Amino acid sequence: MEQKSIKQFLVLSGMSVSLHVLAETELLPTISIEGQGVRPGQIAVTPESDGALDSALLLKRIPGGNVNRNGPLTNLPQYRGLFGNRIGVKVNGISVQEVGPNSMDTRSSSVPKTLVKSVKVYCGIAPVSAGMETIGGAMEINSRRSEFGDSVTPEFHGFVNTGYSWVDFGRYYGGMLGLSNEKHRLNAGGNIEKGNNYKFRGKKSVRPSQYDREVFSVGYGFKPIENHQISIDYDFKDTGHTGTPSLPMDIDYVRTNIGSIGYQGKLPDNLDVIFKGFFNRGRHKMSNHLLRSAPRPGGGPQRFREATPKLQSGGFNLHFIASEFHGGQLIVGADGDLTVNDSVISDFSNPKFFIDNFVNSTKDRYSGFAEWTGDIVKHLNLEIGFRYAYVHMDSDRVDTVLAKIRPPAKVLRDRFNNADRSKNDHLFDAAAVLRYAYSDALKLEFGVARKTRAPSYQERYLWIPLEATGGLADGRIYVGDPSLKQEKSYQLELGVDWQDYGAYFAPRAFYRYVVDYIQGLPSTDQVTNMVAGVIQPGGPGPLQFSNIDAHLWGVDLETGYALTDNFRVDAILSYVRGKRADGNKDNLYRIAPLNGRVSLTYDYSDWLASLTYVAATKQEHTANFNGERKTSGYNILNLYAQYRPSFHQYAEGLTIGVGVDNIIGTKYTDHLNGINRAANPNLPIGKRIPNPGRNVYVTLRYDW
Ligand SMILES: [Cu+2]
């Protein structure tokens, strides 16, 4: 019970803006019902009270959390300097996969903000139960679904919401209808969101940064007998013309279907079972001339390109939870998924042109784990887990029209087709976290972990130098290497959690050494370099994914104080450094500078208001290997006010929000934003993309 109070505390303090709004506290029981367990340092934030478009941006409110922005709906999750597929992301319990080889449809942006129930991030060391390949951490995004009622009488509940933001003429409309009694629950919902290019200063806008997305979801849950429930869910997402100015192309469409069937049961002897089986399919088209003008490489004629990637994926999770096992809780489970990615590049102005970017690039993962959490002596809690995963990867043979006219391209193709592309990795993860309750007010944490990651299909099977890099967005072209080794990370974690006298202070420090960290290094292969000269004439030369050693360290903290019954102040601070560790001096790519935020919140009866100061220092510790640019620091102010009337029973459930982000209208740039790739008279190509300028927004929501 002691632990629960800590978590509630963190859950609340994790929301730097709206602190004790009812909806957030209501989330807490849901979290434990879902079998996530009660774990200190697991922060949940809710999407209320934010003018930002995308749910992934909520990560910026978590100590150590951040996002790599490549487009309005293309935000890659980052935690303490590691990002993209180094972060395990589960959406509604499913480890979803991306259709786009450049992560245009990032997993952390996959649920519209208004349909998000919670975004959870494991602070510090993620437990092995959080998933496979959680080398950099793990997060979970859960959508709003209906819940079972208490009686036979069906109850109708749900919500509708809408919002408008001025900086991009952005608007959304969405909601969910639920019908449930004690045995059945049904829900259907959806969301439409649309916006124009956002302005970063005055009338100057980032082009193309428009977006257009529709999602639709239905779900049904059934309790055939007491203590057993079955659920069936289907989610459809259709992203239309949406800009990704940091990538060489924009989204024409991404259409994904996710279906799942789940079972949750309580067996005798305090044994719980959770099962989920799912499929995840997607089709995508992107283009370099739909929302921008096609480039003229080397000053030559315009070069038109489209790509049509495809995703087929599916898998399962089966977890057994014994809540009274040797004085603690034991989770034993098996997880698996199979994923196939394809992509072909074409040119509408030249029907003969094609490059097989990926052909049946397969990554299959089968894994088992065991994790025990309990008190080993009074006040001393241990969480210890082991996970093994077998990863099999393969790719079919590739071809391109270039092989007919360019001998070096033929060499690359034949070399890849004759290479041993079938690869197996055995991943061993282990994590142990000790938590010591020195007193009711002071808790200490010490953790160690080994976490691993097999290479991505891009890192292994990108056979011809291109920018299909899982969203690195550094403007460089890359080639893969099928013989890459898995990454192995060894990390240490120290945490302190103090709360007393209406105040809290929770700093954490970490150190991590990654053996065989995968990053690009200048290609030394003559043939690759000759082909790169055709693909990117006059460019800085291709990089090849390679194994190096790296280390990262840093501190992050959250703190706060209740000044009076109605006023409180909360703050978070994040600092991380990442360097190459194998004797070569270089910084790691896309690491945020020191950054933080402080919020002053006023909460009185139906009203809530907050003023937030957000700041980052300049980043000069940039990577040399890909010519990463430095970024200057910034300070901005955001204001938010919310009204939840309680004067009448029909008014209850209404939430009206008004806010201004970046009040002063400062032109500022997050270091983690990608660089501009699209011609724009207001923003040179190669410059880092600025954040939105002043944004006034209103949101309206009604729950019943
Ligand atoms: Cu794409």
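Read on for an overview of the structure.

Comments concerning the overall build of the chain
Here is step 1 of the chain: Secondary structure summary: the chain contains 6 helices and 33 strands in total.
Here is step 2 of the chain: Here the C-alpha atoms of the chain give a radius of gyration of 25 Å, agreeing with the 27 Å that 2.2 N^0.38 yields for 704 residues.
Here is step 3 of the chain: Relative to its full complement of 704 residues, the chain shows a buried share of 59%.
Here is step 4 of the chain: Of the roughly 27700 Å² that the chain leaves accessible, carbon and sulfur atoms contribute 59%.

With respect to the sheet that holds strand β2 (residues 65-71)
Here is step 1 of the chain: With respect to topology, 3 strands assemble into an open sheet ordered β2-β3-β4, the strand pairing being antiparallel. Of all the strands in the sheet, just β2 and β4 (82-83) have a single pairing partner and so form its edges.
Here is step 2 of the chain: Pairing between strand β3 (residues 74-79) and β4: 2 bridges, direction antiparallel. The residue bridging Q78 from the neighbouring strand is F83, located in β4.

Quick look at the pairing of strand β29 (residues 595-604)
Here is step 1 of the chain: Pairing between strand β28 (residues 567-580) and β29: 8 bridges, direction antiparallel. Residue D570 lies in a different strand from β29, and its bridge partner there is S599.
Here is step 2 of the chain: Sheet topology places β29 next to strand β30 (residues 607-616); 10 bridges connect them, and they run antiparallel. If you follow L600 over to β30, its bridge partner there is L611.
Here is step 3 of the chain: With antiparallel pairing between neighbouring strands as the criterion, β29 and β30 make up a hairpin whose turn holds 2 residues, including S605 at a positive phi of roughly 50 degrees.

With respect to the nonpolar core
Here is step 1 of the chain: Counting residues in each nonpolar core, the largest one holds 48 residues, and the members touching the most others are I355, W463, I464 and Y478.
Here is step 2 of the chain: Mapped by element, the contributors of at least two residues to this core are β15 (250-267), β20 (354-377), β21 (380-394), α4 (407-418), α5 (457-461), α6 (526-535) and β27 (543-562).
Here is step 3 of the chain: A total of 4 residues in this core trace back to one element, the largest contributor, which is α6.
Here is step 4 of the chain: Leave out the neighbours within four places in its chain, and Y478 touches L462, I464, P465, L466, T469, L472, G520, L543, F545, F625 and N626.
Here is step 5 of the chain: One finds I62, Y79, L115 and V116 within the second-largest nonpolar core, a separate group that totals 25 residues.

What about unusual backbone geometry?
Here is step 1 of the chain: Following R207, the chain continues into P208 via a peptide bond in cis, with omega recorded as -10 degrees.
Here is step 2 of the chain: Relative to the assigned elements, P208 resides in the loop between β12 (204-205) and β13 (211-222).
Here is step 3 of the chain: Although it is not a glycine, N270 adopts a positive phi angle of roughly 55 degrees.
Here is step 4 of the chain: Within the element layout of this structure, N270 appears in the loop between β15 and β16 (271-287).
Here is step 5 of the chain: Notably, S605 is not glycine yet its phi reads approximately 50 degrees, a positive angle.
Here is step 6 of the chain: Within the fold, S605 resides in the loop between β29 and β30.
Here is step 7 of the chain: What makes S605 exposed here is its relative accessible area of 57%.

Details of the coordination of the copper ion
Around a metal, the idealised angle for a tetrahedral arrangement of four donor atoms is 109.5 degrees; for an octahedral arrangement of six donor atoms it is 90 or 180 degrees.
Here is step 1 of the chain: Surrounding the copper ion are the protein donor atoms M104 (SD), H284 (NE2) and M286 (SD), at 2.0 to 2.3 Å.
Here is step 2 of the chain: A relative accessible area of 2% means that M104 is categorised as buried.

A word on a nonpolar patch on the surface
Here is step 1 of the chain: On the surface, I376, V377, L434, F446, V448, L492, L494 and Y511 cluster together into a nonpolar patch covering about 660 Å² of accessible area.
Here is step 2 of the chain: Relative to the assigned elements, L492 resides in strand β25 (residues 487-500).
Here is step 3 of the chain: Here L492 falls in the partly exposed class, since its relative accessible area comes to 40%.

What counts as what
Along every chain, residues carry numbers that run from 1 in the direction the sequence is written. Totals for whole chains, interfaces and linings use all residues, but because this is a predicted model, local features are given only for residues with pLDDT of at least 70 and pairs of side-chain atoms are given and counted only at 80 or more. Here the side-chain values reflect all heavy atoms present in the structure, with hydrogen atoms and water set aside. Starting at the N terminus, helices and strands are each numbered in turn, a helix being any DSSP run of H or I of at least four residues and a strand any DSSP run of E of at least two. Using C-alpha atoms as the atom set, the radius of gyration is obtained and then compared with a globule rule of 2.2 Å times the number of residues to the power 0.38. Think of it in three bands: with a 1.4 Å probe and only protein chains considered, a residue is buried below 20% of the maximum accessible area for its type, exposed above 50%, and partly exposed in between. Surface accessibility follows the Shrake-Rupley procedure with a 1.4 Å probe radius. Residue values consider only the protein chains on display as shielding. One bridge is not enough; two strands pair if DSSP finds at least two bridges between them. Residue types Ala, Val, Leu, Ile, Met, Phe, Trp, Tyr and Cys, when buried and joined through side-chain atoms within 4.5 Å, form a set referred to as a nonpolar core. The contact criterion used is simple: two residues touch if any of their non-hydrogen atoms lie within 4.5 Å. The donor set comprises N, O and S atoms within 2.8 Å of the metal, extended to 3.2 Å for Na, K and Ca; water molecules are omitted, so apparent gaps in a site may simply reflect that omission. Note that patches include only residues with greater than 30% relative accessible area and no salt bridge, and the join distances are 9 Å for like charges and 5 Å for nonpolar side chains (Val, Leu, Ile, Met, Phe, Trp, Tyr). Note on definitions: salt bridges are taken to be side-chain nitrogens of Lys or Arg within 4 Å of carboxyl oxygens of Asp or Glu.

Limitation: the analysis is restricted to geometry and does not speak to function.
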